[in-house]
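Structural description and commentary
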Amino acid sequence: MSKLTPAASLEAEAITSKERGQWALIARRFFRHRMAVASLIVFVLIVAFAFIGPLLWTWDYKIHPEIPPRVSPSLDHPFGTDQAGRDMLGAAMRATAQSLKVAFVVALGSTVIGAIVGAVAGYFRGWVDAVIMRITDILFVIPFLAIAAAIAGAIGTGTRWYHMAFILAIFGWLNTARAVRAEVLSLREKEFIEAARAAGGSSWHIITKHLIPNTTSVIIVSATLQIAFAILAESTLSFLGLGIQSPDTSLGLLIQAAQGFAFNEFWYLFYIPGAMVILIALTVNFVGDGLRDAMDPRQTMVRR
Amino acid sequence: MAVYIIRRILIMIPVLLGATVLAFVLVDVSNDPVQQKVFELQSSTGDEVPQSTIDAIESELYYDRSMPERYWLWLTGIGDTHGDIGLLQGEFGPSIDGPAVDISSDVGERFWVTLRLVIFASLASIGIAILTGVVSAVKQYSKVDYSLTFIGFLALAMPTFWFAVLMKEAAVQVNKGMGSNLFRTYGSGTTGFQGTGWEVFVDSLPFLIVPTIVLMLTGYASMARYQRAAMLEVMNSDYVRLARAKGVRNRTVMRRHALRTALIPVATFAPLSLTFAMGGSIVIEQIFGWRGLGAYSLEAILAGDTFAVMAYVLISGVVVLVGILISDLLYGVLDPRIRYE
């Protein structure tokens, strides 16, 4: 029986838990949310499928004379081929990539606009707030799909993915702005903002250095929701023929081309792009939900 | 109450005006109906269109004016017009298809078709949202709650158009399998059907089923989340605990004490589901071949018909604002704490 030296026993009794920063805590809470973690993994896999896949796969999304048309899924063409002789795996990769590009740009653009506009409105209050809020009211009343379609239709045959991203970002920032404003309205009354103002901080400094960082959780969550919004809106417009135009492709276009096939032998042409849209929107929503739970300060570490 | 309603409506007018200005600018900038029409003429006759014809088209469509002037004319019709423009005088402006087509009569006819769909879908999705939200809350963290939540997320992620196509094809299969015509999947009513309003409505029911289900299921999910949260909040409140402590039966507590209060936020659903259904109607009408407003707006957009698009924007905006008004009033009816001075 060996006895511990006094020093060692002291060490053994010491509290060994490490100090955890805010982000470490959030990460821990997020990783407890099983559904959110699984969704994150699936989402990353989809992104890899869309952007790394084309580098590994033989066929691209274009029509090739060597590809036989209307082939059922096989080893050569895992997702089959369409009427015109396109390998659907290549097409699905390209379509997913295009839709994701739109979604990421919309999420980034509308989050930046929304965060700044929302913070400005909430911080200055008064007429600035009134004007900005009236603008969001107005945009709420305008039928989004019709106006987006009108703008997209005007670009006509030349519509590329960045056009779509731009159009969707015009409408996308609304919800972010509202959420950030609501948060800023309560934050601006806090002492640390008062202190920053007393120390001579300019409005711009307070907004960018104090207010926006403190609304990070709201901003991140609404950014994830923007991705889902953009994927659904982009594929809807493409389905109506007002989005990305062929020869380029997108998930909406693939579904449009396979409209009547849901219950015949070409069913995979209809379900694969549809499943892609659903999977992206679903996983992104779950990740957003997990992030919201993880960032909620009222949340305890215990899951009830 | 009447004063309150009037005040609310007065507040809505500038919002609606602002919406028309913004929509007009966006549509006008992104459209050139004159060029479109000249192009059509050129491809049908094969000859170069003479300048005099182009000028005539421009003047007919008011494209010889500046954009602000065009908006002014569109709104008021006061000024140098051909008498076919000016919203305040009941004219929606000239259509690109020439003077034979009257936008206001087209729109008036199609409005009822779309309204039928939108109202049915909104009511259905509000109903199912309340039901699933309450069940989810009462059985919190149970299997039922988790599955309902998952279905909700799935519905939220479902693109309306994809689900609509799927349901349409499924209905066709069911019809084939049963050898019946239970679900109608094309059109909004029997072609050329004549009758009184009620007969037309009864005739349109089989056509309504599938589109309503689609819009209901793609639109209810976010509202169900609200309902669940509201119900949970009420169930954790003191007065519900007090009612339980007094020994009131669980069912009675739920029905009388909790549900009544938890239904108040339902009022916020109304405009939400209306805007969603209005947006969805564009896609639904396209897929199910309805000749309603949604399909009309799409045709107008593709044809570059500025004034027709504006007519749609206006009507859709009014529908949304009416929804908001109704929800404000509902709040007052449902929540006794709210008073209208």
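As shown above, the structure is provided for reference.
What comes next is a walk through the structure. Nothing here was measured: the structure is a model prediction, and the numbers come from that model.

1. Section: the side chain of B:Arg228
Within the fold, B:Arg228 resides in helix H9 (residues 221–235). Leaving out residues up to four positions away in the same chain, B:Arg228 has contacts with B:Gly133, B:Ser136, B:Ala137, B:Gln140 and B:Asp145.

2. Concerning the packing of aromatic side chains
Residue and element names in this part refer to chain A. All told, the structure shown has 17 aromatic pairs over all chains when counted by the stated rule. Taken together, the ring pairs connect Phe 144, Phe 171 and Phe 229 into an aromatic cluster. Its guanidinium or amino end placed over the ring of Phe 140, Arg 178 lies 5.9 Å from that ring's centre, counting from NZ or CZ.

3. Description of the environment of B:Asn236
On the secondary structure map, B:Asn236 appears in the loop between H9 and helix H10 (238–245). Along the sequence, B:Asn236 and B:Val27 sit 209 residues apart, while their C-alpha atoms lie 50 Å from each other.

4. Topic: the packing of helix H5 (residues 103–138) of chain B against helix H12 (residues 266–288) of chain B
All names here are of chain B. Following both chains from N to C, one finds H5 and H12 inclined at 130 degrees, their axes separated by 8 Å at the closest point. Looking at the two axes, H5 sits oblique to H12. For H5 against H12, the interelement crossing comes out right-handed. Facing H5, whose interface residues are Thr 114, Leu 117, Val 118, Ala 121, Ser 122, Ser 125, Ile 126 and Ile 130, H12 presents Val 266, Phe 269, Ala 270, Ser 273, Leu 274, Ala 277, Met 278, Ser 281, Ile 284 and Glu 285.

5. Quick word on the interface of chain A and chain B
Taken together, the 39 residues of chain A in the interface contact 41 residues of chain B. Summed over both partners, the interface of chain A with chain B comes to about 3700 Å²; 83% of that surface belongs to carbon and sulfur atoms. Together, A:Val141, A:Phe263 and A:Ile278 form the three largest contributors to the area buried by chain A at its contact with chain B, with a combined 16%. The tally of links between chain A and chain B comes to 0 salt bridges. Counting across the chain A and chain B interface gives 1 residue pair in polar contact (both at pLDDT 80 or more). Elements represented by at least two residues in the side of chain A that touches chain B include exactly helix H6 (126–141), helix H7 (144–155), helix H11 (216–239), helix H12 (251–257) and helix H13 (267–295) of chain A. Partitioned by chemical class, the residues of the side of chain A that touches chain B number 28 nonpolar, 7 polar and 4 charged.

Quick notes on the rules
Residues numbered from 1 in each chain as written. Chains lettered and ligands numbered in written order. Predicted model: local features only at pLDDT ≥ 70, side-chain atom pairs only at ≥ 80, totals over all residues. Heavy atoms only, no water. Helix = DSSP H or I, 4+ residues; strand = E, 2+ residues; numbered from the N terminus. Contact = heavy atoms within 4.5 Å. Phe/Tyr/Trp six-rings, centres within 6.5 Å; stacked < 30°, edge-to-face > 60°. Lys NZ or Arg CZ within 6 Å of the ring centre and 35° of its normal. Axes fitted to C-alpha atoms, helices over the stretch in contact; angles between N-to-C directions. Parallel < 35°, antiparallel > 145°, perpendicular 65-115°, else oblique. Left-handed = near helix turned anticlockwise from the far one by under 90°. Buried area = accessible area lost by both parts, 1.4 Å probe. Salt bridge = Lys/Arg side-chain N within 4 Å of Asp/Glu carboxyl O. Polar contact = N/O pair within 3.5 Å; in protein donor to acceptor, adjacent residues only side chain to side chain. Nonpolar A, V, L, I, M, F, W, Y, C, P; charged D, E, K, R; others polar.

These results come straight from atomic positions and should not be treated as a statement about function.
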